[in-house]
Amino acid sequence: MTGNPYESLLGEFLMDARERLERVEDALLAVEARSGGWGPELEQVRRDLHTVKGNAGMMGLTALQQLLHAMEDALQTPETRDNIAALLGELDRARATLPGSGDAGPGAPADGGQLPAGAGRSAVDSVRVPFTALDAIIEQVAEAVIARNRLRTLLEAVRAIRAGSVPPAEQWRTLVDQVREAHQGLDATLEGLQDRILGLRMVPLRTVLSSLRRIVSDEARAAEKSVRFDTTGGDTPLDKALLDVASEALGHLVRNAVIHGLETPAVRRAAGKPPDGRLRVTATSDGESVRLEVADDGRGIERGALLDEARRRGLDLTTIRDPFDLLFMAGFSTRHGADLSAGRGIGLAAVHEAVMRQGGWIDVHSVVGEGTRFTLQVPLSVSITRALLLHADGEDYALPLSAVVDSQRFRRGDGHGIHGGWVWRWRDQVIPLTDLGCRCETATTLRQDGYAVVIEYGRKHRALVVDRLRGILEIVVRGLDPITGRPEGFGGTTILGDGRAILILDPRTLVDAAPAPGAAA
Amino acid sequence: MTRARRETTPEPGTATSPAGPPEAGPEPVPFDGPDAVLAFADSLAADAAEPARTAPASLATWVMFGLGEELFAIPVEAVREAVRAFTITRVPHAPYPVAGVIQLRGRVIPVVNLRKRIGLAAEPVTHRTRILVADLDGRRLGLLVDGLHQVIRVDRATIVSPPDDVMTEQSQYLIGVCRHGDRLVFLLDVAAVLTIPKSLERV
């Protein structure tokens, strides 16, 4: 898509400039946190600023060039060099002039882009790929090509059989084995390829964590609070798409912690706590998901006060399972209670929704007077599928759309009972028919009226009869705890927009299933 | 936070904390209505955090709840939180005591109906019904109970083991029995209650 050489050059410049300016920001924040003045990082900062300035000149970005020049000047004299807040401000202005700098930094104005949004995106939404990774992918593509060629050869053998005589049984068996082998090889290769490509989407969390440091520093300065901020787990890798969600979520959480969770030094001293508030972001990964924790040792959240607020707003308390759920409700905030989580409303609801959408969850633990800990977990990579939402006997089920081949109005007269089961004439075939309610123990006989959904798995078909089709939606697949016995016919669970957990049907076991008892009436 | 601090709290006996909060005593807190549930939840967090400092080694804290006419209790450490029971999604063909699954802050959690698990007749969900959420070896599970009563402290020495002849496969979950006023409380083992024996898979 980047046929224009200038555009591709610009992309490279932007990536490099962002990286270097981020490093400058990290250094500035480190100097600020240390409170002992500049150390050895000064040289690196100068080099980075100088390089970006030079490249900016080459790209014709004169405004950026001038801003960076001013920063270099400020670093020359000790007085201006030690005014970190001023330097950070200048850095933000410099970043805001980067083309497509919509997300240049947490402190940057959002409308800094000078080019149409699309032009900048190519650089923003890119990842760096090491050559060795590309080589490995090319190698696997080569393997896939070999497997394809093998299948082609075998296809020739099959054609020969069709054209001529039937070969001896021994020859058949060999052919079948060879096809199976080729298929397995191709399967493994494609799986490896998928893994490698997903791996390329993985980005270390470090970039997010350093942007948090900036948020904490800015908010603490504005709120006149003193914060000791630690992060661990910067090496944890995360899918690029999820990184953006995590970044947004963590930004909200640390900002809230500084503004609402942590107290001012005076209040902390009075409460017998050290004057510096502690804020810690921890990332850990178990290979399948990433767990992020934001913990502060601030004032904590009082459940009782949350409830008071809910009552004040006239919310129906009987619909509230747990007062902490209120924190995640859109528009809920307890702004009037200074000792509370004032203003947490909108942000937390958005965070909750974003995390849920990606198949993650969020949890809060708080002890009044001792602090609050938010835990959020997101999968390392997303498994989103499209599903058809089926409705039978008051229950909803998600059916993976990939298995659906047809759906039609159905009346009981359309089904024919034979051998203790039902069959249905569909296109030019007769296929087995299952009432989903019977299959799920909510009905005892085939319903009179509804819809028949034809599913296909491994060339086998079955029609599922339901009351209604409720539309197609994107779902995130979640597991089913072993205590449920993981019954056949169900492939997991998912969460609907209204918060209900529903079951995902498993086409593979449904297609094979013997007719449920009661299906024959 | 509770968990982290519990790890760093010294063992009972070594902890002498004169500045700590005064011993609240075994004074029961009555619970009914949503406010009380919240107070209860707060007290859970506080109690879970404090036992080593405030309770003598022989006292253990239990969460007491009712099932029909009887009183039961599980160790407070096992309970993460107590939530109202609504929109439980049934899982067809699941073992008999499994009520279904619920969504709690983005997680899908299976719920075991304690009545069915211990051989009592099932009752419909009411406004008093609660789900006690427990963590078990990295899994999170719910236990459906009729209604919460209070948090009690029980002196270990007063716990009576169940007689051998009442122990069957289904009652392995019973740790013992203790007195509360003039009533008996059955003390349950959470891990055992949240394991479904073969005999209960289909009833």
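Residues numbered from 1 in each chain as written. Chains lettered and ligands numbered in written order. Predicted model: local features only at pLDDT ≥ 70, side-chain atom pairs only at ≥ 80, totals over all residues.

A.B. asks: Looking at this structure, I do not really get the overall build of chain A. What am I missing?
C.D. replies: When you go through chain A residue by residue, the secondary structure sums to 16 helices and 18 strands. Evaluated residue by residue, chain A yields a buried proportion of 38% over its 521 residues. Counting only contacts in chain A whose residues sit at least 6 apart along the sequence, the fraction spanning at least 24 positions is 63%. (Helix = DSSP H or I, 4+ residues; strand = E, 2+ residues; numbered from the N terminus. Buried ≥ 20, exposed ≤ 12 C-beta atoms within 10 Å, placed from the backbone. Contact = placed C-beta atoms within 7 Å.)

A.B. asks: Help me understand the overall build of chain B in this model?
C.D. replies: Secondary structure summary: chain B contains five helices and ten strands in total. Buried positions account for 40% of the 203 residues belonging to chain B.

A.B. asks: Teacher, can you tell me more about the confidence of the model for chain A here?
C.D. replies: A low pLDDT score tells you not to read the predicted coordinates there in detail. All names here are of chain A. When pLDDT is averaged across chain A, the result is 81; 87% of the residues are at 70 or more. This stretch, residues 103–124, has a pLDDT under 50; its non-local contacts, to residues over four places away or in other chains, come to 50 contacts. Of the regions scoring below 50 in pLDDT, residues 334–346 engages in 31 contacts with residues more than four places distant in sequence or in other chains. (pLDDT = per-residue confidence, 0-100.)

A.B. asks: I tried to follow the nonpolar core on my own but got confused; where do I start?
C.D. replies: One recurring pattern in soluble globular proteins is that nonpolar side chains are buried together. Residue and element names in this part refer to chain A. Residues V254 and V453 are the most contacted members of the largest nonpolar core, which totals 131 residues. If you tally residues by element for this core, the top one is helix α10 (residues 240–261), at ten residues. Ignoring any residue separated from it by four or fewer positions in sequence, one finds V254 in contact with L212, I215, V216, L279, V281 and V294. By size, the runner-up hydrophobic cluster in this structure holds 22 residues, among which are L14, L21, V45 and L49. (Core = buried A, V, L, I, M, F, W, Y, C linked by C-beta atoms within 7 Å.)

A.B. asks: Looking at this structure, I do not really get the environment of L469(A). What am I missing?
C.D. replies: All names here are of chain A. Mapping L469 onto the fold places it in strand β16 (residues 468–476). Between the C-alpha atoms of L469 and L389, which are 80 residues apart in sequence, the distance is 6.1 Å. If sequence neighbours within four positions are ignored, L469 has contacts with L388, L390, S407 and Y451.

A.B. asks: Which parts of the structure should I look at to understand unusual backbone geometry?
C.D. replies: Excluding glycine, most residues fall at negative phi; most peptide bonds, likewise, are trans. Residue and element names in this part refer to chain B. Positive phi, close to 65°, is recorded for H93, a residue that is not glycine. Within the element layout of this structure, H93 appears in the loop between β3 (79–84) and β4 (98–104). Residue H93 is classed as partly exposed on the basis of its 18 C-beta neighbours within 10 Å. The residue D137 is not glycine, and still its phi comes out positive at about 50°. Here D137 is to be found in the loop between β6 (130–136) and β7 (139–145). The class for D137 is exposed, based on 5 C-beta atoms found within 10 Å.

A.B. asks: Help me understand the interface of chain A and chain B, please; the structure alone is not making it clear to me.
C.D. replies: At the junction of the two partners, chain A supplies 36 residues and chain B supplies 36 residues. For the side of chain A that touches chain B, the secondary-structure elements that each account for two or more residues are α12 (303–312), α14 (345–357), β6 (361–367), β7 (371–379), β17 (490–495) and β18 (501–505) of chain A. For the side of chain A that touches chain B, the leading source of residues is β6(A), giving five residues. Across the side of chain A that touches chain B, the residue classes tally to 17 nonpolar, nine polar and ten charged. (Nonpolar A, V, L, I, M, F, W, Y, C, P; charged D, E, K, R; others polar.)

A.B. asks: Would you mind going over the packing of helix α2 (residues 41–59) of chain A against helix α3 (residues 62–76) of chain A with me for this structure?
C.D. replies: Packed helices, taken two at a time, are described by the angle between their axes plus the distance between the axes. All names here are of chain A. Contact geometry of α2 with α3 gives a least axis separation of 8 Å together with a crossing angle of 155°. Comparing the axis directions of α2 and α3 gives the class roughly antiparallel. Here the hand of the crossing between α2 and α3 comes out left-handed. Along its contact with α2, which presents V45, R46, L49, H50, V52, K53, A56 and G57, the element α3 presents L64, Q65, L68, H69, M71, E72 and L75. Across the contact of α2 with α3, the residue classes tally to eight nonpolar, four polar and three charged. (Axes fitted to C-alpha atoms, helices over the stretch in contact; angles between N-to-C directions. Parallel < 35°, antiparallel > 145°, perpendicular 65-115°, else oblique. Left-handed = near helix turned anticlockwise from the far one by under 90°.)

A.B. asks: Please explain the packing of helix α9 (residues 206–223) of chain A against α10(A) as it appears in this structure.
C.D. replies: All names here are of chain A. Two elements in contact, α9 and α10, have axes separated by 9 Å at closest approach and are oriented at 25°. Viewed along their axes, α9 and α10 adopt a mutual orientation that is roughly parallel. Considering only the axes of α9 and α10, their crossing is right-handed. The residues of α10 that touch α9, namely those facing V208, S211, L212, I215, V216, E219, A220 and A223, are L243, A246, S247, L250, G251, V254, R255, V258 and I259.

A.B. asks: Just to check I follow, could you spell out the sheet that holds β6(B) for this structure?
C.D. replies: Working definition: the strands of a sheet are paired by backbone hydrogen bonds and lie parallel or antiparallel to each other. Residue and element names in this part refer to chain B. As summarised here, the arrangement of the five strands in space is β3-β6-β7-β5-β4, forming an open sheet in which the pairing is mixed. Single-partner strands in this sheet number two, and they are β3 and β4. The sheet shows a mean angle of 30° between the axes of neighbouring strands, taken without regard to direction. Relative to β7, strand β5 (residues 107–113) runs parallel, the two being bridged by three bridges. (Pairing = 2+ DSSP bridges.)

A.B. asks: Help me understand α12(A) in this model?
C.D. replies: Each α-helix winds once per 3.6 residues, and so residues spaced three or four apart point in a common direction. All names here are of chain A. Of all the residues in α12, the buried ones are R303, L306, L307, E309 and A310. Buried residues in α12, looked at end-on, bunch into an arc of 160°, giving them a common side. Of the residues trailing α12, G314 is marked for its positive phi of about 75°. (Arc of directions from axis to C-beta.)

A.B. asks: How should the environment of T375(A) be read in this particular structure?
C.D. replies: Residue and element names in this part refer to chain A. Along the chain, T375 turns up in strand β7. A count of 16 C-beta atoms within 10 Å places T375 in the partly exposed class. For the pair T375 and A295, spaced 80 residues apart in sequence, the C-alpha to C-alpha distance is 8.4 Å. The residues touching T375, leaving out its near neighbours within four places in the chain, are R291, E293 and D363.

A.B. asks: I would appreciate a short explanation of the sheet that holds strand β11 (residues 415–418) of chain A in the present structure.
C.D. replies: Residue and element names in this part refer to chain A. Reading across the sheet, the six strands line up as β10-β14-β15-β13-β12-β11 and stay open at both edges, with mixed pairing between neighbours. Strands at the two margins of the open sheet, each flanked by one partner only, are β10 (404–411) and β11. On average, each strand axis in the sheet is inclined to that of its neighbour by 35°, with strand direction left out of account. Note: strand β14 (residues 449–457) against strand β15 (residues 460–466), seven bridges, orientation antiparallel. Looking at the pairing, A452 lines up with V465 of β15.

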